[in-house]
Amino acid sequence: QVQLVESGGGLVQAGGSLRLSCAASGRTFSSYAMGWFRQAPGKEREFVAAISWSGGNTYYADSVKGRFTISRDNAKNTVYLQMNSLKPEDTAVYYCAASYGLLGTGTDINFYDYWGQGTQVTVSS
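Only a predicted model underlies this, so the values are computations on that prediction, with no experimental measurement involved.

S.K.: Please clarify how the pairing of strand E11 (residues 119-124) should be interpreted in this entry.
M.R.: Along any regular strand, the residues point their side chains to alternate faces of the sheet. Burial along E11 is one-sided: Thr119, Val121 and Val123 are buried, while Gln120, Thr122 and Ser124, pointing the other way, are not. The pairing of strand E2 (residues 10-13) with E11 spans four bridges and is parallel. Residue Val12 lies in a different strand from E11, and its bridge partner there is Val123. Bridging between strand E9 (residues 92-99) and E11 involves three bridges; their strand directions are antiparallel. Note on E11: the bridge partner recorded for Tyr94 is Thr119.

S.K.: Looking at this model, I keep getting lost on the packing of aromatic side chains. Mind explaining?
M.R.: The description of two aromatic rings rests on the distance between their centres and on the angle between their planes. Tallied over the full model, the rule gives eight aromatic pairs. Ring geometry for Phe111 and Tyr112: centres 5.0 Å apart, planes at 85°, overall edge-to-face. This pair shows no difference in class: Phe111 is buried, exactly as Tyr112 is. Ring-pair connections join several aromatic residues into one group, and the members of that group are Phe37, Phe47, Phe111, Tyr112 and Trp115. Over the face of the ring belonging to Tyr95 we find Arg45, whose NZ or CZ atom lies 3.7 Å from the ring centre.

The rules behind the values
- Residues numbered from 1 in each chain as written.
- Predicted model: local features only at pLDDT ≥ 70, side-chain atom pairs only at ≥ 80, totals over all residues.
- Heavy atoms only, no water.
- Buried < 20%, exposed > 50% of the residue type's maximum accessible area, 1.4 Å probe, protein only.
- Helix = DSSP H or I, 4+ residues; strand = E, 2+ residues; numbered from the N terminus.
- Pairing = 2+ DSSP bridges.
- Phe/Tyr/Trp six-rings, centres within 6.5 Å; stacked < 30°, edge-to-face > 60°.
- Lys NZ or Arg CZ within 6 Å of the ring centre and 35° of its normal.

Structure representation (structure tokens):
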């Protein structure tokens, strides 16, 4: 069993930056592929970024490529999402997720076994 707790969300102006963190419980964090998803009001949850267990492979949605960076610190059981040049359309609840599986691109929501409770990101124009 893995518990995931996101933090770092908030209100920011367009063009600003935020860094989200996702802290995981358990001693096997380094075995999990990790992902970030987001869900805006009235929309389906969508893929944002994913990272392999070693951090050696990362994948991004086209909408965030070049602006967001996913990273992990296995010693701290934490995965991060650095978000720069934020846009109003980035406004959503952001969720982190963990998977036992071998990371392909990590875009499939069904790939993930555990989910956090989410953190709100609001970007004002």
